[in-house]
Amino acid sequence: MRKISLIFLIFISIAFSQPKSSGTVYNIVNYGIKANGVTDATKELLTLASVLNSGTTKKTLYFPSGTYRINSALTLDENITLRFDYNAKLIVADILTIDGSIDAGLYQIFDTTGTIDLNNAKIKEAYVEWFGAKGDTTTNDRVAFQKLADALGNGGNIVLNSTSTYRISQGALSEPPVNNYYGIRLKSNTTLDGNGAT
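Owing to the predicted nature of the structure, the values given are computational and were not obtained by experimental measurement.

Caption draft 1: Summary view of the overall build of the chain. Scanning the chain from terminus to terminus reveals three helices and 15 strands. Expressed as a percentage of its 198 residues, the buried residues of the chain come to 41%. When contacts within the chain are restricted to residue pairs at least 6 apart in sequence, those whose partners lie at least 24 apart make up 51%. Of the accessible surface of the chain, which amounts to about 10700 Å², a share of 53% is contributed by carbon and sulfur atoms.

Caption draft 2: Region of interest: the confidence of the model for the chain. Residues with a pLDDT of 70 or more make up 80% of the chain, whose mean pLDDT is 83. Ranking the elements of the chain by mean pLDDT puts helix α1 (residues 2–17) last, at 39, and strand β7 (residues 88–92) first, at 97. This model gives residues 2–21 a pLDDT under 50, and the stretch forms 10 contacts once residues within four places in sequence are excluded.

Caption draft 3: Just the pairing of β7, in detail. A large share of β7 lies buried, amounting to four of its five residues. Summarising the sheet, strand β4 (residues 66–70) and β7 pair through five bridges and their orientation is parallel. In the strand pairing of β7, G66 is matched with A88. Sheet topology places β7 next to strand β10 (residues 110–112); three bridges connect them, and they run parallel. By the bridge assignment for β10, I91 is matched with D111.

Caption draft 4: Focus on the environment of K59. If you trace the backbone, K59 turns up in strand β3 (residues 59–63). C-alpha separation for the pair K59 and I80, spaced 21 residues apart in sequence, amounts to 4.9 Å. Polar side-chain contacts of K59 include one of 3.1 Å to the backbone oxygen of L52.

Caption draft 5: Representation of helix α2 (residues 42–52) within the structure. Turning to α2, its buried residues number three or more, namely T42, L45, L48, A49 and L52. Angularly, the buried residues of α2 cover 130° about the axis, an arc narrow enough to put them on a single face. The inward-facing, buried residues of α2 abut β1 (24–27), β2 (36–40), β3, β4, β5 (74–76) and β6 (80–84).

Caption draft 6: A look at the pairing of β3. With five of its five residues buried, β3 lies for the most part within the structure. Side chains K59, L61 and F63 project from β3 onto one buried face, and the interleaved T60 and Y62 project onto a second face that is buried too. Bridge analysis of β1 against β3 gives four bridges, and the strand direction is parallel. Each bridged residue has a counterpart across the sheet, and for V25 the counterpart in β3 is T60.

Caption draft 7: Region of interest: the sheet that holds strand β11 (residues 115–117). The strand order across the open sheet formed by three strands is β5-β8-β11, and the pairing between neighbours is parallel. Two strands close off the open sheet at either side, each with one partner strand: β5 and β11. Strand-to-strand twist in this sheet, taken as the mean axis angle between neighbours without regard to direction, amounts to 10°. With three bridges joining them, strand β8 (residues 95–98) and β11 adopt parallel strand pairing. By the bridge assignment for β11, T97 is matched with D117.

Caption draft 8: Summary view of the packing of aromatic side chains. Scanning the entire structure with this criterion turns up eight aromatic pairs. When the centroid spacing of 6.1 Å and the interplanar angle of 75° are considered together, the rings of F84 and F110 count as edge-to-face. Taken together, the positions of F84 in strand β6 and F110 in strand β10 put the pair 26 residues apart, joining distant regions of the chain. For the pair F84 and F110, a shared accessibility class is recorded, and that class is buried. On the numbers, 5.1 Å between centres and 40° between planes, the contact of F110 with F131 is tilted.

Calculation rules
Residues numbered from 1 in each chain as written. Predicted model: local features only at pLDDT ≥ 70, side-chain atom pairs only at ≥ 80, totals over all residues. Heavy atoms only, no water. Helix = DSSP H or I, 4+ residues; strand = E, 2+ residues; numbered from the N terminus. Buried < 20%, exposed > 50% of the residue type's maximum accessible area, 1.4 Å probe, protein only. Contact = heavy atoms within 4.5 Å. Areas by Shrake-Rupley, 256 points an atom, 1.4 Å probe, with all protein chains shown as cover. pLDDT = per-residue confidence, 0-100. Pairing = 2+ DSSP bridges. Polar contact = N/O pair within 3.5 Å; in protein donor to acceptor, adjacent residues only side chain to side chain. Arc of directions from axis to C-beta. Axes fitted to C-alpha atoms, helices over the stretch in contact; angles between N-to-C directions. Phe/Tyr/Trp six-rings, centres within 6.5 Å; stacked < 30°, edge-to-face > 60°.

Next comes the structure, spelled out in structure tokens:
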């Protein structure tokens, strides 16, 4: 009886810890996309996006653990949900425009020298952890905050993890500015939901 209860609890724990899907789920590794952080996945993602962007049916583009590189501009329409497993991350070298929703936890999903455009995204809450914030009192999270603020464009709701303490400082002069600015610039329509964070 104990063995069955334990198996049931593990199953329930796994089932409820998985991000929710929207419509048909497309696992990107099934379309020849490599998760090695080196191989450019733009061509395969453009091909897949052209299929997914058609119509109004909800679809989920699922990124299992791994690092995926996007070297050219890519737009994903509002009917597409991007679902990220823990340790799934996009390296974006150009512009990635996401008009749909994002399903990810409090972990990094974007590693970018390019631009993430969430201006028209269908997200109610955005997290600085998506851009690499640690909230560990020692790491300077300024760059992650600014990258998220810039991605939101016209503003949005930035939610802070209640168990985190974020450090935001100008940093050393050798630390690169974000958009030629050393502080954090938030758009007028941006809200910070502290949620108990410091």
